[in-house]
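Each chain is listed here by its residues.
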Amino acid sequence: MRTHPLLRPVVALLATWASLSAAPAESWRAGAAREEITPPAGLWMTGYAVRTRPAEGTAQPLWVKALALADPAGNRGVLLTLDLCGISREISDRVAAEIGRRHGLPRSAVMTNVSHTHCSPAMPGIITGLRILPPDGEQKSAAYVRALEEKMIRAADAALAALAPATLAWAEDEAHFGYNRRENPATDVPGQRAAGKLKGPFDPRVPVLAVRTTDGALKALLVSYACHNTTLQFYQWHGDYAGSAQVELEKRHPGATVLFAAGCGADANPAPRGTVELADQHGRALADAADRALAKPMTPIAGRFASALEDITLNFARRPTEEQLRTAREKEQPNKEMHQAWAAAVTEKFRSHGDAALRHTYPIQAWKLGALSWVALGGEVVVDYTFRLRHELGENLWVFGYSTDVMAYIPSERVLKEGRYEGDTSMVPYGQPSAWAPGLEEAIIGKTRELVTRTRSPK
Ligand SMILES: [Zn+2]
């Protein structure tokens, strides 16, 4: 068709307007992007109390990766996955607010999830009872977070700018290098595993979302697994098995952006542990599971996108006594510096917040992608939540932990009663006053059920 020369600018303007407006597309659209977030050597690491000096170098780069999705009606969401141990509510909220401001997205449409690698930097306000950083350590760590937030926003910007027609489909397979660490002493695992006699609940499922271009090329791959990302414990930055799985899958699928989202594996460990070779071995096992899922008839995603994020209040059981705080400060005991850091963190929390320090605002997020639902829970969530939520709400539901705010372990009522690390003593490195008060499981399940049901119901 010929256009009169005088009308050409008008036609061009109309074309621009049509592409910018939320005109319904034929299909879903997707875009992916990444930014490297490896800190320099010299920052303190997080995850383990036993480390006595800062990081010495990089064994594997750390990344933030962004996956932007848009349904045919133009409803968009951005998932940010990070090779980090934890994330604070402040970081997640600041980043989501800026992305929302730039792109017109509601808070619930931005999801943040960390892989829980322990070979990543200490960050202000996260796992505050682990150690008291020296002043220069504090400064470096605060500077790291400022740069991190800019990179998260940049990755989201790029992923949203790259939105292009795509097909989405999902499937699941299994990987078995994880096990329930509360029920099996690590030394027993090889024998018990070989005999098929590992004890305790464990979720071997590997959910996989494949994003393909309209000509069938793999553009992005999201892989999840519910197991501590803790093969390694050295003085180098590394994404651990989740990082190795991403590297391996990106090698096998050139051009694809591979993201890892941590599931509810707070009571699961990988085995065996200790070397980069083992992290790579587990990474390959996870990559193999993802490739098996990709080879299956996958369930295509049609329909619309919806999101919700709401908070509930969780209560800590009790305020520590002066005697407990003094003991933590003065007693000669293993990891003495951790107990001193806990006393300092808790004392500061009650000084600045009063009795409000006995409550925590806990985030629960739900996404609907056609007939598939995602739930993103804060904290280190034990596997009981996944089994219960999928039993109650259907198997077309993926449950991520380590999302939005990693403030503590989140035991089920069963694990809370049993106590030990995940139910009780992990509150020391997390700098929290005490174990959670009973009732958290019902509160979390109840709100999750409400959000999943609401996002699933047609408007
Ligand atoms: Zn952990």
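Whatever comes next refers back to the structure up there.
Worth saying up front: this structure is predicted, and the values here are computed from it rather than measured.

Enquirer: Can you help me understand the pairing of strand β8 (residues 205-213) in this one?
Expert: Taken residue by residue, a regular strand's side chains alternate between the two faces of the sheet. Judged by how many residues are buried, β8 sits mostly within the fold: seven of nine residues are covered. One ladder, built from nine bridges, connects strand β6 (residues 164-174) with β8; its direction is antiparallel. Within β8, the position partnered with Glu172 by the bridge is Pro207. In terms of strand pairing, β8 meets strand β9 (residues 218-225) through five bridges, oriented antiparallel. Residue pairing for β9: Val211 is matched across the bridge by Ala220.

Enquirer: How do you make sense of the nonpolar core when you look at a structure like this?
Expert: Soluble, globular proteins show a tendency: their nonpolar side chains are buried together. Membership of the largest hydrophobic core comes to 141 residues, with the highest contact counts inside it found for Leu80, Leu209, Tyr225, Tyr362, Trp374, Ile410 and Trp436. With nine residues, the top contributor of residues to this core is helix α3 (residues 135-161). In this view, Leu209 contacts Leu67, Leu168, Ala169, Trp170, Ala220, Leu221, Leu222, Ile301, Trp374 and Trp398; residues no more than four positions away in its chain are not counted.

Enquirer: Which parts of the structure should I look at to understand the pattern of salt bridges?
Expert: Between side chains of opposite charge, pairing is possible as soon as their charged atoms come close. Overall, the coordinates contain 39 salt bridges when judged by the stated rule. Notably, a salt bridge pairs Lys65 with Glu250, separated by 3.0 Å at the nearest N-O pair. With Lys65 in strand β3 (residues 63-70) and Glu250 in helix α5 (residues 240-252), this residue pair connects regions lying 185 residues apart in the sequence. Classification of Lys65 by relative accessible area gives buried; the value is 2%. Exposure remark for Glu250: the relative accessible area of 18% places this residue in the buried category.

Enquirer: Looking at this structure, I do not really get the sheet that holds strand β14 (residues 305-315). What am I missing?
Expert: By way of backbone hydrogen bonds, the strands of a sheet pair with one another, either parallel or antiparallel. Taken in spatial order, the four strands line up as β14-β15-β16-β18 in an open sheet, and their pairing is mixed. The open sheet terminates on both sides in strands that have one partner only, identified here as β14 and β18 (397-400). Taken pair by pair, the neighbouring strands of this sheet meet at an average axis angle of 15°, ignoring direction. Alignment of strand β16 (residues 372-377) against β18, held across four bridges, turns out to be parallel.

Enquirer: Help me understand unusual backbone geometry, please; the structure alone is not making it clear to me.
Expert: Leaving glycine out, the prevailing phi sign among residues is negative, and the prevailing peptide bond configuration is trans. Residue Pro272 follows Ala271 across a cis peptide bond; omega there is -5°. Looking at the secondary structure, you find Pro272 in the loop between β12 (268-270) and α6 (276-295). Phi is positive for Ile127, which is not a glycine, with a value near 50°. Its location among the elements puts Ile127 in the loop between β5 (110-114) and α3. Phi at Thr404 takes a positive value of approximately 70°, unusual for a residue other than glycine. Inspection of the secondary structure assignment puts Thr404 in the loop between β18 and β19 (409-410). When its relative accessible area of 0% is taken as the criterion, Thr404 is described as buried.

Enquirer: Would you take a moment to explain the layout of surface pockets for this structure?
Expert: Each pocket or cavity is described by its volume, and for the largest pocket that value is around 620 Å³. What lines the largest pocket is a set of 23 residues, and nearest its centre among them are Glu90, Gly125, Lys349, His360 and Gln432. Elements that contribute at least two residues to the lining of the largest pocket include exactly α2 (89-103), α8 (336-353) and β15 (359-369). Looking at which element gives the most residues to the lining of the largest pocket, the answer is α8, with five residues. Of the residues belonging to the lining of the largest pocket, the class tally is nine nonpolar, eight polar and six charged. Looking at the second largest pocket, it is lined by 24 residues, and the ones nearest its centre are Gly47, Tyr48, His118, Tyr409 and Tyr421.

Cut-offs used in this document
- Residues numbered from 1 in each chain as written.
- Predicted model: local features only at pLDDT ≥ 70, side-chain atom pairs only at ≥ 80, totals over all residues.
- Heavy atoms only, no water.
- Buried < 20%, exposed > 50% of the residue type's maximum accessible area, 1.4 Å probe, protein only.
- Helix = DSSP H or I, 4+ residues; strand = E, 2+ residues; numbered from the N terminus.
- Pairing = 2+ DSSP bridges.
- Core = buried A, V, L, I, M, F, W, Y, C linked by side-chain atoms within 4.5 Å.
- Contact = heavy atoms within 4.5 Å.
- Salt bridge = Lys/Arg side-chain N within 4 Å of Asp/Glu carboxyl O.
- Axes fitted to C-alpha atoms, helices over the stretch in contact; angles between N-to-C directions.
- 1 Å grid on protein atoms, 1.4 Å probe; cavity = no way out; pocket = protein on both sides within 12 Å on 5 of 7 lines; lining within 4 Å.
- Points joined across faces, edges and corners; volume = space filled by probe spheres on them.
- Nonpolar A, V, L, I, M, F, W, Y, C, P; charged D, E, K, R; others polar.

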